[in-house]
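Residue-level structure breakdown
Letter by letter, the chains look like this.
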Amino acid sequence: MKQLTLTAILLGCSHLAFAQTELSSDSVAPVGKVQKLYGKVTSYFDSVRVRGLDPRYIDMPKHPWQVMIQGSFEQTDLKMHSTLDGSQVPIAEPGEAIDWNPRILTKVNTSVGAWVGYRGHGVGYAVNVGGDKSKSFTLTSTGKFYSLNFRYHTFETNKPEVKAKMTYKDDDTGLFETVSQKDKYDLFNPIKARTIYLNGFYIFNYKKFSYAAARRQAVIQKLSAGSPIVGVSFFHSKYNYANDLDCDFVMMMSKVGCIRQWQANVIAGYSYNWVPAKGWLVNATLMPSLTVYDKIKLSLYDSEFSRKMFSDDPQYENYTYEDAFWNSSDDLTLESLGHKSHHGRIRVNLDARATVAYQWSRYFVSANAQFDTFSYRHNTGKGRIIDWAAKASFGVRF
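Residues numbered from 1 in each chain as written. Predicted model: local features only at pLDDT ≥ 70, side-chain atom pairs only at ≥ 80, totals over all residues. Heavy atoms only, no water.

Moving on: the pattern of salt bridges. The final tally for this structure, using the stated rule, is 13 salt bridges. A salt bridge links E74 to R151; the shortest N-O distance between them is 2.7 Å. Placement of the pair is E74 in strand 2 (residues 65-85) and R151 in strand 7 (residues 146-157), with a sequence separation of 77 residues. Close ionic contact of K159 with D186 constitutes a salt bridge, the shortest N to O distance being 2.7 Å. Highlighted residues: K159 in the loop between strand 7 and strand 8 (161-169) and D186 in the loop between strand 9 (176-184) and strand 10 (191-203), separated in sequence by 27 residues. Judged by its relative accessible area of 52%, D186 falls in the exposed class. Each of K255, D302, E304, R307 and E335 takes part in one network of salt bridges that share partners. (Salt bridge = Lys/Arg side-chain N within 4 Å of Asp/Glu carboxyl O. Helix = DSSP H or I, 4+ residues; strand = E, 2+ residues; numbered from the N terminus. Buried < 20%, exposed > 50% of the residue type's maximum accessible area, 1.4 Å probe, protein only.)

The next thing to look at is the pairing of strand 5 (residues 121-130). Of the pairings in the sheet, the one linking strand 4 (residues 109-118) to strand 5 comprises nine bridges and is antiparallel in character. Along strand 5, the bridge assignment pairs S111 with N128. Counting the residues between successive antiparallel strands, the hairpin from strand 4 to strand 5 contains two residues, one of them, R119, with a positive phi of roughly 55°. (Pairing = 2+ DSSP bridges.)

We now examine the nonpolar core. By size, the foremost hydrophobic cluster in this structure holds 36 residues, and its most contacted members are M80, Y241, F249, I259 and F305. Excluding residues that lie within four positions of it along the chain, F305 makes contacts with C247, D248, M251, Y319, T320, Y321, A324, D331 and L332. Among the nonpolar cores identified, the runner-up in size contains 17 residues, and I203, V219, A225 and M287 belong to it. (Core = buried A, V, L, I, M, F, W, Y, C linked by side-chain atoms within 4.5 Å. Contact = heavy atoms within 4.5 Å.)

As structure tokens, this is what we get:
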């Protein structure tokens, strides 16, 4: 918080210090006094930044301010799974089952923007220029011995790819056979998804290793070094597809229309900065995490359509979704069955990052990528989400 506060002061002071407007003699803030205050604040900020660092490994750039132009790319891959077995479907026999596997693979989202800051702390803004309807918001803060990261992400689709596999008993042979099919599944309303990811970790070998050198090129890593890292992370997700006209999809998801998850994890990993030659930096960070708290909340729904489809009454033997849609749309109305919550088992998630950067005295270029995985499980249902993002930057110091 101290460094973030100082950054805010620096941004304000620099605006005044670099202004060329002549102030009158009775001004309460003469240019000289503002410049003096700016000098004191930056000197204190820089001394805090370098205190305790090994100058053989880490150096501070001569020019403290940074401006970067950035291009970002990101994509989300969500897979869900549900199994309807003979015990859930009255018309099925023991051993028969339907595996329902929807997958949402978003288009690659592209954005461009700019960032300005002092010694790696600052603000940025980006605009979307291509891809799907996803939206994301990120905040990061990286100091000598810590890194904090926050990401809020929403996405949706009404054309998930579904792989369906049916296991049935052949009436003639008495043997079980399996057929499968994969195709796009058109929904009337989109599946809406939201994820929130927050993590923070402590850097043990901060005297020789700088994560800020890789993250923002805020300092210069002169010699190769690495550090163990430990921390905590929090993940929340919500997948909602409870729409009346899509009650058939809800039925195939074992009557689950909305899935919410809360997950707390302990992080233990390693980050390494490799300096193959002067000006170059290659960073690799691997942060596996162990789930210590995992809560799943399911919103359950039923419908007359579902009851008739799975009925053993002969009059509904040829009943279809089209019959319900055209003849009795009330059959499609979802009826809430309430909520069901349970705590999941211990799981392993993964956060992996990589950076390649090159810098001159005032200019630098970098490319970095991040890969995250999270999963959930509930009875006969489960899911896994993969997020990846990449960013390319060109920056100048002044």
